[in-house]
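Residue-level structural notes
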Amino acid sequence: MLEVLDMAPPRHQPAAGKGGGHGHVGPAARKQPLQSSVAQPKAEAAAVAPPPEGVKKCGGGGRRRGGRGRGGRAGEPRVAPTPAVTPPAAVRAVVGPPVASKGLSFCRRPGFGTVGARCVVKANHFLAELPDKDLTQYDVKITPEVSSRSVNRAIIAELVRLYRESDLGMRLPAYDGRKNLYTAGPLPFDAREFVVRLTDDDGTGVSPREREYRVTIKFAARADLHHLRQFIAGRQADAPQEALQVLDIVLRELANHRYVSVGRSFYSPDIRKPQRLGDGLQSWCGFYQSIRPTQMGLSLNIDMSSTAFIEPLPVIEFVAQILGKDAISRPLSDANRIKIKKALRGVKVEVTHRGNVRRKYRISGLTTQPTHELIFPIDDQMNMKSVVEYFKEMYGFTIQHPHLPCLQVGNQKKANYLPMEACKIVEGQRYTKRLNEKQITSLLKVTCRRPREQEMDILQTVHQNGYEQDPYAKEFGINISEKLTSVEARVLPAPWLKYHDAGKEKECLPQVGQWNMVNKKVINGGKVNHWACINFSRSVQETTARGFCQELAQMCQISGMEFNSEPVIPIYSARPDQVVKALKHVYNIALNKLKGKELELLLAILPDNNGPLYGDIKRICETDLGLISQCCLTKHVFKISKQYLANVSLKINVKMGGRNTVLLDAISWRIPLVSDIPTIIFGADVTHPETGEDSSPSIAAVVASQDWPEVTKYAGLVCAQAHRQELIQDLYKTWHDPQRGTVTGGMVRELLISFRKATGQKPLRIIFYRDGVSEGQFYQVLLYELDAIRKACASLEPNYQPPVTFVVVQKRHHTRLFANNHKDRSSMDKSGNILPGTVVDSKICHPTEFDFYLCSHAGIQGTSRPAHYHVLWDENNFTADEMQTLTNNLCYTYARCTRSVSVVPPAYYAHLAAFRARFYMEPEMSENQMTSKSSAGTNGASSVKPLPAVKEKVKRVMFYC
């Protein structure tokens, strides 16, 4: 339960409305509150001021504060020399929120960055010339209705083949597989019905037959490309999605005929030889394709992609790959039969026992009896015949494995049996279930291509796609360049890092995105006086475990921590299946021995393959015992690498409330728009269940900095919410308590309170990094979550509305940046990737909005993926340089390693916290038991069982690291 904290400012700061802070706002000056589905708090509490003169409104242009225009000058921070500061006039009042979603305009680009060494990089964007033709949209209705896009496409393809020269006036239409058809210019009619006959084999066991379809094509609208040109030129705010969709469909039409389409990607075994992943799966190479509006014009984004397909094997071989060859020589156990049934359900097969007749069926199940026990009626008189006899008499086919079950295919009501050995898996079926660790490793090896190889693969794909010869592109007048786009970029300098004065090296300047702990001590060392160790690994002897613990304790001491060399009790050995008993036993024995003092840390030695053990330890320690834990795998215990011990000591230090390093600029009060007034930096993420899990809840996590000016420690909170709900429901919430009446709470509110407790200051500025949001969700996420942030602030103190900057962080995009010259080693890191700190904010970025690509990390293997940052809302008036430099510098403060990371740490920490919280779900909750609870859908938030609460002692520190 959240307490209401007095948010009045500390004595050394002026109170709100009395010469500093946020001035009092009269009713006449208030703007309309943000409109969303959430009820507004009282008008008095939510009051916000109009922007003072000189402050940029989001969605508007204009010059910057102090008369600075494009980009601003580097090295001219607006800061105060001491923590006792008055907020500058430019942030005392807050820019009002958008009135409604239709009126919402995202933050316009304030200018282009200038900081850093200039260079040129190549991007996998290919310039697309807009057609000058009129594009016409038609509605398509197919009767009887068909649910399969591929069948719909086959119907329209047959219609075009039959009627193009006559009724269609030689037009070559592009079709989206559903209800829309597009042409370059009008058809000779406004509406017409066509009859198409198609031979189909639907896999239900019914003989292939000719079906008749009636197709009605009716004029709908003209797609106006004028607005698209205006948008690209920056003269229109909203992207005309309809026009972009038409062009996208046109450029995908030919690929839809050539390849297997999965989402926005296309796959084929001919692009690159498929590689076996194990258990009957193989990887297919393919490419992603999307048309995007950019500053340079329309751009076709092409990237390489790989995914898992079911290998087109004889079913017997498929089963042997999963169970082993020996398993198919004897009857299947119940467990193996269920395993095979799960693997084969829904898979399409073709029969091989009938020569050239290759009928296709979809597997619905597996028989419980072996084939030699199966009989079925052969006539209405219920005369029975065995499956073995039937196949021998009917097809002359002798079943070699009568001890194995049969496949059940087609309609469940009418039993259709097919022997496994008479079937082969149909090619081109994507595998949609969860991959195991071995398969993931194999797939990563396939996809891990060095930058130069990746660049060549992309260029080869563009060449093979032959857009200049594409009949649909020609028809619609679209021209695609075959050259990668050259883009001006800058390499931002790495920040200086501060370590403890007791070390030989007190300050450090990272080189090419990395550094080490040699001669350094963490800036704030944690204390571990009372610790214990449980050994869950049978292969680790007690002497080995003791030696490892002593080495780790020594490394923690060398790193700058106070760490007791001896555990509270001797190392305790336990079986993994006794995890609950072992944890509670060790915890209670330690407490008894400590006589009222707390056990501070638990070390756990785990088997290398530990199944659910890791998650069980974290759940019990963090939600039940209130105990910080550090798990170590057996292979590391035997190896005892200094580098490994150093990394673990970094993790232990932040878990114990210490700091590893801070930015020198932070403690020198030199970070623009962070150091001048108390600033809190949030990170937020939502992780969703894996594909195939139809009931598990989504997990939202929010972290927030708890120290200022250092902005290095982040407390984290987590909550479960409705299945696949992207909006974070618990940022702010109210509920009715029988005793206390209306109670307010939520994750933002709680983190604001804990910031005040930790620093003695209330945050006067909020920077919110939001991970995991796709472009199509920008509007609703900003509307809902900015509203929740405002309400959380207003609930703490009347008129408390610190200015907010809301930044979306995207990693799941397909823009890749390559060195301009792969022979110039000075322009690359060791892996051949672009240098850490490379930032791009022109040409391939949004025509008008405030976004940039930042590659903040050094590559290790494969091709680096830059993070894409999109500033949706900015009441703090960041310049491009200020936002890019802050984001890049924060990437050097990640606690778990001595490398800069690829995503800004608060977003990274939120992802870690959300991932950790999935272990908190009870085992039955994470499987099938959630079905009834989540049936309410995304609106049924109350149907989701809450996660067990993280103990207070744990959530104060970075337990998720």
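The preceding data block contains the structure.
For the structure given in this document, a descriptive report is provided here. Residue positions are given per chain, counted from 1 along the sequence in the order it is written. Given that the model is predicted, a residue must reach a pLDDT of at least 70 before its local features are reported, and side-chain atom pairs must reach 80 or more before they are shown or counted; all residues, however, enter totals for whole chains, interfaces and linings. Side-chain figures throughout are based on the complete set of non-hydrogen atoms in the structure, without hydrogens or water.

A short note on the overall build of the protein chain
When helices and strands are tallied, the protein chain shows 20 helices and 41 strands. Throughout, exposure labels follow a simple rule: accessible area from a 1.4 Å probe, protein chains only, divided by the maximum for the residue type, with under 20% read as buried, over 50% as exposed, and the rest as partly exposed. Buried residues in the protein chain amount to 55% of all 961 residues. Residues are treated as being in contact if the distance between any of their heavy atoms lies within 4.5 Å. For the protein chain, restricting intrachain contacts to residue pairs at least 6 apart in sequence, the fraction spanning at least 24 positions comes to 73%. Only the protein chains shown count as cover for residues, and the accessible areas themselves come from Shrake-Rupley with a 1.4 Å probe. Here the protein chain displays about 41,900 Å² of accessible surface, and carbon together with sulfur accounts for 49% of that area. Every helix listed is a DSSP run of H or I at least four residues long, and every strand listed is a run of E at least two residues long, numbered separately from the N terminus.

Overview of the pairing of strand 10 (residues 275-278)
Any two strands are treated as partners once DSSP identifies two or more bridges connecting them. Sheet analysis places strand 10 next to strand 11 (residues 281-294), joined by 3 bridges and oriented antiparallel. Along strand 11, the bridge assignment pairs Gln275 with Ser283. Between strand 10 and strand 11, which pair antiparallel and follow one another directly, the connecting turn spans 2 residues, one of which, Asp279, has a positive phi of 55°.

Concerning the pattern of salt bridges
Whenever Lys or Arg places a side-chain nitrogen within 4 Å of a carboxyl oxygen from Asp or Glu, that contact is recorded as a salt bridge. Enumeration over the complete set of coordinates arrives at 40 salt bridges. One salt bridge connects Asp248 with Arg264, and the closest N-O pair in it is separated by 2.2 Å. Taken as a pair, Asp248 in helix 3 (residues 241-258) and Arg264 in the loop between strand 8 (260-262) and strand 9 (265-267) lie far apart in primary sequence, 16 residues in all. Judged by its relative accessible area of 37%, Arg264 is partly exposed. In this structure, Glu505 engages Lys520 in a salt bridge whose closest nitrogen and oxygen atoms are separated by 3.3 Å.

Digging into the packing of helix 4 (residues 315-323) against helix 5 (residues 334-344)
The convention used is that axes are lines fitted to C-alpha atoms, helices contributing only their stretch in contact, and that angles between N-to-C directions extend from 0 to 180 degrees. In the contact formed by helix 4 and helix 5, the axes pass within 11 Å of each other and the chain directions differ by 120°. By the criterion of interaxial angle, the relationship of helix 4 to helix 5 is oblique. Viewed along their axes, helix 4 and helix 5 form a crossing whose handedness is right-handed. On the side of helix 4, the interface is formed by Val315, Phe318, Val319, Ile322 and Leu323, while helix 5 contributes Asn336, Lys339, Ile340, Ala343 and Leu344. Just so you know the grouping, Ala, Val, Leu, Ile, Met, Phe, Trp, Tyr, Cys and Pro go in nonpolar, Asp, Glu, Lys and Arg go in charged, and all remaining residues, Gly too, go in polar. Residues that form the contact of helix 4 with helix 5 fall into these classes: 8 nonpolar, 1 polar and 1 charged. Roughly parallel means an angle under 35 degrees; roughly antiparallel means over 145; roughly perpendicular covers 65 to 115; every other angle is labelled oblique. Two helices crossing with the near one rotated counterclockwise from the far one by less than a right angle form a left-handed crossing, whereas a clockwise rotation gives a right-handed crossing.

Some points on the sheet that holds strand 21 (residues 485-491)
Strand order across the open sheet formed by 11 strands is 33-32-31-36-37-41-40-39-21-1-38, with mixed pairing between neighbours. If you trace the sheet from one side to the other, it starts and ends with strand 33 (714-721) and strand 38 (817-819), each paired once. For this sheet, the mean angle separating the axes of adjacent strands, direction not counted, is 30°. Bridge analysis of strand 40 (residues 850-855) against strand 41 (residues 867-874) gives 5 bridges, and the strand direction is antiparallel. Bridging from a neighbouring strand, Leu854 pairs with Ala867 of strand 41. Its contacts with the sheet put helix 16 (residues 747-759) on strand 31 (679-687), strand 32 (698-705), strand 33 and strand 36 (765-771), and the angle it makes with strand 31 is roughly 145°.

Some remarks on the packing of aromatic side chains
Any two of the Phe, Tyr and Trp rings considered here, Trp counted by its six-membered ring, make a pair once their centres fall within 6.5 Å; the pair's planes then place it as stacked at under 30 degrees, edge-to-face at over 60, or tilted in between. Scanning all chains against the criterion turns up 28 aromatic pairs. Plain terms: the ring middles of Phe106 and Phe778 are 6.2 Å apart, the flat faces sit at 75° to each other, and that makes the pair edge-to-face. Residue Phe106 is found in the segment before strand 1 (117-123), and its partner Phe778 is found in helix 17 (residues 778-796); the two are separated by 672 residues along the sequence. For Phe106, a relative accessible area of 6% puts it in the buried group. Ring centres 5.8 Å apart and planes at 50° place the aromatic pair Trp531 and Phe563 in the tilted group. Placement of the pair is Trp531 in strand 25 (residues 531-535) and Phe563 in strand 26 (residues 562-563), with a sequence separation of 32 residues. The exposure class assigned to Trp531 is buried, which follows from its relative accessible area of 1%. Members of the aromatic cluster, connected to one another through ring pairs, are Tyr714, Tyr894, Tyr908, Tyr909, Phe959 and Tyr960. Lys733 extends its terminal NZ or CZ atom over the ring of Trp735, reaching a point 5.5 Å from the ring centre. Whether a charge sits over a ring depends on NZ of Lys or CZ of Arg being within 6 Å of the ring centre and within 35 degrees of the ring normal.

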